[in-house]
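Remarks on the overall topology
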Amino acid sequence: MYDFSVTMALVDFIPVILFAVSAVLMMRDFYYQLPKYGFALLAAGTVDVFSAGFLKAVWKLLYAAGICNFEALNKLFLPTQSIGFLLAGIAMIILVSGKNGKKTTLMAVAPPLFEGTMVFISMMVLGLGSICTCLSVYAAKKKKAIAVPLFVLAFFGSMAMGYTARLDSTAAWVNWTEQGINCFSQLCLMTGMIIIRKTSKKQA
């Protein structure tokens, strides 16, 4: 039995909303800087990540409200979010590598589905690491170095959630800790995007 409250479930929507804002900023700012296939990867990846977080928050709310235990929404979280981060990470690599005129070998990457969680965790670390690293490089190029530590904190904040995932997920304090870390991480990502977006100019 999970120790969820309705308040806890509602708070779980906060990092989802923060990420959604960051995703919209990335898609708006990088639309003209990415080739079409690169933007498609970014859009698909960020939508996957948002959907995974939103559906998990819905699961918690349904469970906490005593409506039902729609466990499938929880089980979909890890594979859906992992693939999303990987796709978005590839898009960010394309952005900073300057491969805007031709497809790269990265397009051959097709994340396979396996039963084990290790492959998804690896995909999440690789994808999120690529996003934060590339955003840091982009910020440095645009002379917005103040955003770099925010992207670093966003990455390590997300990695810290990997430690809490090893704890008892049914305990309330574990979930509150995860939510606090996640909110902080997504706030850093969103703030960093707000800082660098002013330097992103549309290209005809």
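Presented here is a report on the structure given in the accompanying data block.

What counts, and at which threshold
Residues numbered from 1 in each chain as written. Predicted model: local features only at pLDDT ≥ 70, side-chain atom pairs only at ≥ 80, totals over all residues. Heavy atoms only, no water. Salt bridge = Lys/Arg side-chain N within 4 Å of Asp/Glu carboxyl O. Helix = DSSP H or I, 4+ residues; strand = E, 2+ residues; numbered from the N terminus. Buried < 20%, exposed > 50% of the residue type's maximum accessible area, 1.4 Å probe, protein only. Core = buried A, V, L, I, M, F, W, Y, C linked by side-chain atoms within 4.5 Å. Contact = heavy atoms within 4.5 Å. Patch = residues over 30% accessible without salt bridge, like charges linked within 9 Å, V, L, I, M, F, W, Y side chains within 5 Å. Areas by Shrake-Rupley, 256 points an atom, 1.4 Å probe, with all protein chains shown as cover.

**With respect to the pattern of salt bridges**
Overall, the coordinates contain two salt bridges when judged by the stated rule. Of the charged contacts in the structure, one is a salt bridge between Lys60 and Asp12, with a shortest N-O distance of 3.7 Å. One end of the pair, Lys60, is in helix H3 (residues 36-64); the other, Asp12, is in the loop between helix H1 (6-11) and helix H2 (13-30), with 48 residues separating them in the sequence. Look at Asp12 and you get buried, because its relative accessible area is 9%. Linking Asp29 and Arg197 is a salt bridge whose minimum nitrogen-to-oxygen distance equals 3.7 Å. Of this pair, Asp29 sits in helix H2 while Arg197 is found in helix H8 (residues 172-197), placing the two residues 168 residues apart along the sequence. Here Arg197 falls in the partly exposed class, since its relative accessible area comes to 25%.

**Re unusual backbone geometry**
One non-glycine residue with positive phi stands out, namely Lys143, at about 60 degrees. Relative to the helices and strands, Lys143 resides in the loop between helix H6 (118-141) and helix H7 (148-164).

**A word on the nonpolar core**
Formed by 41 residues in total, the largest nonpolar core has its most connected members in Phe30, Leu42, Met92, Leu135, Phe151 and Ile196. Those elements giving two or more residues to this core turn out to be H2, H3, helix H5 (77-97), H6, H7 and H8. Beyond its immediate chain neighbours, meaning those up to four positions away, Leu42 contacts Met26, Met27, Phe30, Leu34, Ala88, Ala91 and Met92. In terms of nonpolar packing, the next biggest core, distinct from the first, is built from six residues, Met8, Trp59, Leu73 and Ala172 among them.

**A word on a nonpolar patch on the surface**
Together, Phe50, Phe54, Leu55 and Leu76 line one region of the surface with nonpolar side chains, adding up to about 310 Å² of accessible area. Note on Phe50: relative accessible area 31%, which makes it partly exposed.

**As for the environment of Val148**
Note that Val148 resides in helix H7. Assessed through its relative accessible area of 23%, Val148 is described here as partly exposed. Distance in space between the C-alpha atoms of Val148 and Cys132 is 8.6 Å, their sequence separation being 16 residues. Beyond its immediate stretch of four places on either side in the chain, Val148 contacts Ser136, Ala139 and Ala140.

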